[in-house]
Amino acid sequence: MKYAGYIQATKDDFCLFEVCKRLFDEGLNDFFFSVPDEYWNGRITPSEDVAQVDAVAKQLNDLGANAQVKVFGVRKHRKPGLRLIDVETRVRNESVMWIRESGFDHIVIIDGDELWKRNYFLNMKKYIANTNPSSVALGMIPTIGLPGYPIDGATDMATAYIGPGVEFIECRKPSGPRPVELVDVRGIIHFTATRRTMQEIIDKHRTSGHYDDPAYDFEGWIANTLPNAKPGLINAHMYRPYQIWPRVRKWTKYEIDDIPESIHPYIDTQNIDG
């Protein structure tokens, strides 16, 4: 069973190489970087940012991987009445078509701030071989702040795999049968609200595909929650209908040991449990 990694990236905005290197070390050899030529809000993707993605692809190729980069036009996917997230979904499906036309039916969904824990990709491959699911979603450990702290009890799920014939119906939500949700398999540390600078965290959220969705209070979160992200903070997410980030906590020693040292300057490695 041949797997390909699909990465949608406009730049190396945090730990893109570290994320891909972890999967390469566990046997993923083919990486397809899809670069939208515009952000969902219409801002043009700077050429110097695309060059950052090219540089990561080159690092992987130097290790012996097969990493390809392709820039995708966003404007053709903009239609009257479409939400930002709808535009993103259409670009994602065009990217999946590119990967399938390159000979891969089994696609691993990778994001540049989603670090897989060691051995979790190996375990997922075994699970897929044994059960043949159409898609798989894994539980996550999201982070918030600078330095970044993990969320305890988050309900976030990430679509981590789609099989033959599956596409996306909204952002990373797959078509077909409901994905197998391995809720208790928190195999991905998602540095979703942690970056090298606080301004980078703010900019990342203001260009989100959900920014125009009234269910999300991005500006209130930026003003009131993000600056106060410390262990013990409750209700840390910006989603309005219900709370999906119950409580900010400390890192454990095991988690710190599993995170590459190049990321350590941006998380609290001193105030830990265990």
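Remember, predicted model here, so these are calculated numbers, not experimental data.

Engineer: Any chance you could break down helix α4 (residues 120-131) for me, citing the residues and the numbers?
Structural biologist: In this model, α4 (12 residues) spans 16 Å end to end at C-alpha, consistent with the 16 Å of a helix rising 1.5 Å per residue. Turning to α4, its buried residues number three or more, namely F121, M124 and I128. Projected down its long axis, α4 carries its buried residues within an arc of 55°, all on one side. Within α4, the exposed residues directed more than 90 degrees away from the buried face are K126, A129 and N130. In this structure, the buried residues of α4 make contact with β1 (3-8), α1 (16-25), β4 (106-110), β5 (114-116), β6 (135-144) and β8 (157-162).

Engineer: Provide a residue-level description of the pairing of strand β11 (residues 180-193), including the pertinent values.
Structural biologist: With three bridges joining them, β5 and β11 adopt antiparallel strand pairing. Paired with L115 across the strands is I189, a residue of β11. Pairing geometry for β6 and β11, over eight bridges, is parallel. Directly across from V136, in β11, lies its bridge partner V180.

Engineer: Provide a residue-level description of the side chain of R22, including the pertinent values.
Structural biologist: Locating R22 in the fold gives a position in helix α1. Accessibility expressed as a relative area gives 8% for R22, which makes it buried. Leave out the neighbours within four places in its chain, and R22 touches L115, W116, K117, R118, D258 and P260.

Engineer: Kindly report on the pairing of β4, identifying the contributing residues and their values.
Structural biologist: With five of five residues buried, β4 is to be regarded as a mostly interior element. Neither face of β4 is open: one carries H106, V108 and I110, the other I107 and I109, and all of them are buried.

Engineer: Describe in detail the packing of α1 against helix α2 (residues 47-63), supporting the description with residues and values.
Structural biologist: α2 packs onto α1 with a crossing angle of 25° between their chain directions and a minimal axis gap of 10 Å. One way to sum up the angle between α1 and α2 is to call them roughly parallel. For the pair α1 and α2, the crossing hand works out as right-handed. Residues L16, F17, C20, K21 and F24 of α1 form the contact with α2, whose participating residues are V56, Q59, L60 and L63.

Engineer: Account for the pattern of salt bridges, with residues named and values stated.
Structural biologist: Opposite charge on two side chains permits pairing when their charged atoms draw close. Under the counting rule described, the total for this entry stands at 21 salt bridges. For E38, the salt bridge identified is with R75, shortest N-O distance 2.9 Å. One end of the pair, E38, is in the loop between β2 (30-36) and α2; the other, R75, is in the loop between β3 (66-72) and α3 (84-101), and 37 residues separate them in sequence. In this structure, D105 engages R100 in a salt bridge whose closest nitrogen and oxygen atoms are separated by 4.0 Å. Here the residues in one salt-bridge network are D13, D113, R195 and K204, joined through shared partners.

Engineer: Describe the packing of aromatic side chains, listing the residues and the values that go with them.
Structural biologist: Scanning all chains against the criterion turns up 14 aromatic pairs. Relative to Y266, the ring of F14 lies with its centre 5.7 Å away and its plane at 65°, an arrangement referred to as edge-to-face. Of this pair, F14 sits in the loop between β1 and α1 while Y266 sits in the segment after α7 (253-258), and the two are 252 residues apart along the sequence. For Y266, a relative accessible area of 22% corresponds to the partly exposed category. Geometrically, the ring pair formed by Y216 and F218 is stacked, given 5.7 Å between the ring centres and 20° between the ring planes. As far as burial versus exposure is concerned, Y216 and F218 are alike and both buried. Put simply, the rings of Y211, Y216, F218, Y239 and Y242 pair up and form one aromatic cluster. Directly above the aromatic system of F104 lies the positively charged group of K2, at a separation of 4.7 Å from the ring centroid.

Engineer: For the packing of helix α5 (residues 198-206) against helix α6 (residues 218-225), give the residues involved together with the corresponding values.
Structural biologist: The interhelical angle for the contact between α5 and α6, taken along N-to-C directions, is 165°, at an axis separation of 10 Å. Between α5 and α6, the angle is such that the two are roughly antiparallel. Of the two elements, α5 crosses α6, and the hand of that crossing is right-handed. Taken together, the residues of α6 that come into contact with α5 (itself represented by I201, I202, H205 and R206) are F218, E219, W221 and I222. In the contact of α5 with α6, the residues fall into five nonpolar, one polar and two charged.

Definitions and limits used
- Every chain is numbered on its own, with residues counted from 1 as its sequence reads.
- Selection of residues for local features in this predicted model requires a pLDDT of at least 70, selection of side-chain atom pairs for listing and counting requires 80 or more, and totals for whole chains, interfaces and linings are taken over all residues.
- Where side-chain values are given, they derive from all heavy atoms of the structure, hydrogens and water being excluded.
- Only runs of H or I of at least four residues qualify as helices and only runs of E of at least two qualify as strands under DSSP, and these elements are numbered from the N terminus.
- Helix span is expected to be 1.5 Å times the residue number reduced by one.
- Under the scheme applied here, a residue whose accessible area is under 20% of the maximum for its type counts as buried, over 50% as exposed, and between as partly exposed, the area being computed with a 1.4 Å probe on protein chains only.
- The reported arc concerns the directions from the helix axis to the C-beta atoms and nothing else.
- Note on definitions: a residue-residue contact is assigned when non-hydrogen atoms from the two residues lie within 4.5 Å.
- Should DSSP find at least two bridges between two strands, the strands are regarded as paired.
- In this analysis an axis means a line fitted to C-alpha atoms, helices contributing only their contacting stretch, and an angle means the value between N-to-C directions, from 0 to 180 degrees.
- Oblique is the label for any angle not covered by the other classes, which are roughly parallel (under 35 degrees), roughly antiparallel (over 145) and roughly perpendicular (65 to 115).
- In this scheme, a crossing is called left-handed if the near helix is turned counterclockwise away from the far one by less than a right angle; it is called right-handed if the turn is clockwise.
- We count a salt bridge whenever a side-chain nitrogen from Lys or Arg sits within 4 Å of a carboxyl oxygen from Asp or Glu.
- To pair, rings of Phe, Tyr and Trp, with the six-membered ring standing in for Trp, must have centres within 6.5 Å; the planes then decide the type, stacked if under 30 degrees apart, edge-to-face if over 60, and tilted in the middle.
- Look at NZ for Lys and CZ for Arg. If either is within 6 Å of the ring centre and within 35 degrees of the ring normal, a charge sits over the ring.
- By the convention adopted, Pro, Cys, Tyr, Trp, Phe, Met, Ile, Leu, Val and Ala count as nonpolar, Lys, Arg, Asp and Glu as charged, and the other residues, Gly among them, as polar.

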